[in-house]
Amino acid sequence: MSLNIKKIPYSKPSLGRKEISAVKRVLKSGWITSGKENLLFEDEFADFTHSPYALSVNSATAGLHLLLEALGIKAGDRVATPAYSFTASAEIISYLGAVPVFIDCEDDYNISASALEKVCENYGDQLKAVIVVHIAGKACDMKKLLELKKKFGFSLIEDCAHAFPVVTNMGHVGTLSDGGVFSFYANKTITTGEGGMVICRDKSLYQRMSLMRLHGIDRTIWDRYTGTAKWDSWKYDVVAPGYKYNLTNFQAAIGRVQLKKSVKLKNKRRDIAHKYLKNLSPCKNIQMPYSTDNHCWHLFMIKVKTTQLRDSLMKFLFEHSIGTSLHFIPLPCLSFYRKTFDLDIHDFPISLDLYQRSISLPIFPDMTNSMIQRVIKSIIHWDRNHE
Ligand SMILES: Cc1ncc(COP(=O)(O)O)c(C=O)c1O
């Protein structure tokens, strides 16, 4: 059955006149690769998060790779990462020839500190780094994770791809560890189409990431062509086999506009989340996500009683032109990880259970009240028919 009504997407970027004029301005300037806008975006992002250093990159995946490399992760090292995440949180470990160790989650989808502690005890010194992900935009319990870092001495990375802006009582996420990485992919809370930002406190980490972001060239490319350049600015050396991970000038210009709007955008998401929480909590077949201030509601993930009911609800919403998604297929279920690291998803029982029962509902800042009400009414209608 397909009703003749307009589809509600599960996600949609919020872009307006200011983003369009920022792009026009940069295109007209003739400087479209990384340039002045990147420097300004980095300064403004660092100010916003109260972080000493910020480095713009062309994706969060690139940023995670740079950070792990700069932390000195090498072939054979063990790096812990959540079983319940997107592949980007683990593939970067394999890029460096290191070995991922997957950790189960808690029922809020975030990494389980107690499961991590067991892994730390097993691997001891071999465990060089731990990646944690603030899933859906809900901050992990960093206090517990920092205690483990202190006890076992690993480097700690926050994958903040979902979590901007999220200020905890310890500071903005990403500033609570050795480094944090944000994503500006199209469905994220602020977007540049594709893009990301790495923040860190340590100058030598920042310098290594700056170098590796652009081919391992010992100076930034835009220095060579700007007004400040000298006659011999074309000279450069390559001191390491770096990557090509820089963000363009026009994407950085979009990012600057989005950054200024970020709190407003987050508040709109929060208001939608609160409407869902208030109206859907009485439904018998679904469980609401935890509501906390340390959340930017990138995703609104509900848990359905059983897999069968989850599939029934997803199908029902699809047939009523309401987009949904599923975050995530746990990494041990995916063939590369399963076969390469000989994993069995049953060793990650909470991830498996959440995967089998979760749905992400539509949530985006420009969602109208009538769209929100349509989602709520449809779910309530479905729930009543499944007593
Ligand atoms: C948890 C997580 N980490 C990292 C990424 C990678 O982000 P990007 O697409 O900017 O590389 C994603 C992408 O959605 C993600 O969900």
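Bear in mind the structure is a predicted one, so any value in this text is a computation, not a measurement.

Visitor: How do you make sense of the pairing of strand β11 (residues 300–304) when you look at a structure like this?
Guide: Each regular strand displays side chains that alternate between the two surfaces of the sheet. Burial within β11 is extensive, with 4 of its 5 residues counted as buried. Judged from the 2 bridges that link them, strand β10 (residues 286–287) and β11 form a sheet pairing that is antiparallel. Bridge pairing links I286 to V304 in β11.

Visitor: Sorry if this is basic, but what is going on with the sheet that holds strand β5 (residues 155–159) here?
Guide: Whenever strands of a sheet pair, they do so through backbone hydrogen bonds, lying parallel or antiparallel. If you trace the 7 strands from one edge of the open sheet to the other, you get β1-β9-β8-β5-β4-β2-β3, paired in mixed fashion. Both outer strands of the open sheet, β1 (53–57) and β3 (99–103), are each paired with one neighbouring strand and no more. Across this sheet, the average inter-strand angle for adjacent strands is 20°, counted without regard to direction. Looking at chain direction, β5 and strand β8 (residues 179–183) are connected through 3 bridges and run parallel. Considered in β8, the bridge of I157 is made with G179. Taken strand by strand, helix α5 (residues 113–123) contacts β2 (78–82), β3 and β4 (127–133), and its axis lies near 140° from that of β3.

Visitor: It is not clear to me how the sheet that holds strand β12 (residues 358–361) should be interpreted in this structure. Could you clarify?
Guide: The sheet built from 3 strands is open, its strands ordered β10-β11-β12 with antiparallel pairing. At either end of the open sheet lies a strand with only one pairing partner, and these are β10 and β12.

Visitor: I would appreciate a short explanation of unusual backbone geometry in the present structure.
Guide: When glycine is set aside, most residues are seen to have a negative phi, and most peptide bonds are trans. Residues F164 and P165 are joined by a peptide bond in cis, for which omega reads -15°. Mapped onto the elements of the fold, P165 is located in the loop between β5 and β6 (167–168). Residue F328 is reached from H327 by a cis peptide bond, and omega for that bond is 0°. Residue position: F328 is located in the loop between α9 (307–319) and α10 (335–340). Look at H50: it is not a glycine, yet its phi comes out positive at around 55°. Mapped onto the elements of the fold, H50 is located in the loop between α2 (36–49) and β1. At W297, a residue that is not glycine, the phi angle is positive and equals roughly 55°. Looking at the secondary structure, you find W297 in the loop between β10 and β11. With 26 C-beta atoms packed within 10 Å, W297 lands in the buried category.

Visitor: Just to check I follow, could you spell out the domain arrangement of the protein for this structure?
Guide: Accessible area lost on assembly of the parts is the figure often given for the size of an interface. The domain boundaries assigned to the protein delineate domain 1 (17–260) and domain 2 (262–384). For domain 1 and domain 2, the distance between their C-alpha centres works out to 26 Å. Facing 29 residues of domain 1, the contacting portion of domain 2 comprises 28 residues. Here the side of domain 1 that touches domain 2 is built from residues that sort into 16 nonpolar, 7 polar and 6 charged.

Parameters at a glance
- Residue numbers run consecutively from 1 along every chain, following the written order of its sequence.
- Owing to the predicted nature of the model, reporting of local features is limited to residues with pLDDT of at least 70; listing and counting of side-chain atom pairs is limited to 80 or more, with chain, interface and lining totals taken over all residues.
- To sort residues by exposure, count the other C-beta atoms lying within 10 Å of each residue's C-beta; 20 or more gives buried, 12 or fewer gives exposed, and values between give partly exposed, all with C-beta atoms placed from the backbone.
- Going along the chain from the N terminus, every DSSP run of H or I of four or more residues is numbered as a helix, and every run of E of two or more is numbered as a strand.
- Strands are labelled as partners when DSSP assigns at least two bridges between them.
- Angular values range over 0 to 180 degrees, each being the angle between N-to-C directions of two axes fitted as lines to C-alpha atoms, with helices fitted over their stretch in contact.
- Here, residue contact means that the backbone-derived C-beta atoms of the two residues sit within 7 Å.
- Boundary definitions for the domains trace back to an automatic or database domain assignment.
- Under the grouping applied here, Gly and all other residues not named as nonpolar or charged are polar, the nonpolar ones being Ala, Val, Leu, Ile, Met, Phe, Trp, Tyr, Cys and Pro and the charged ones Asp, Glu, Lys and Arg.

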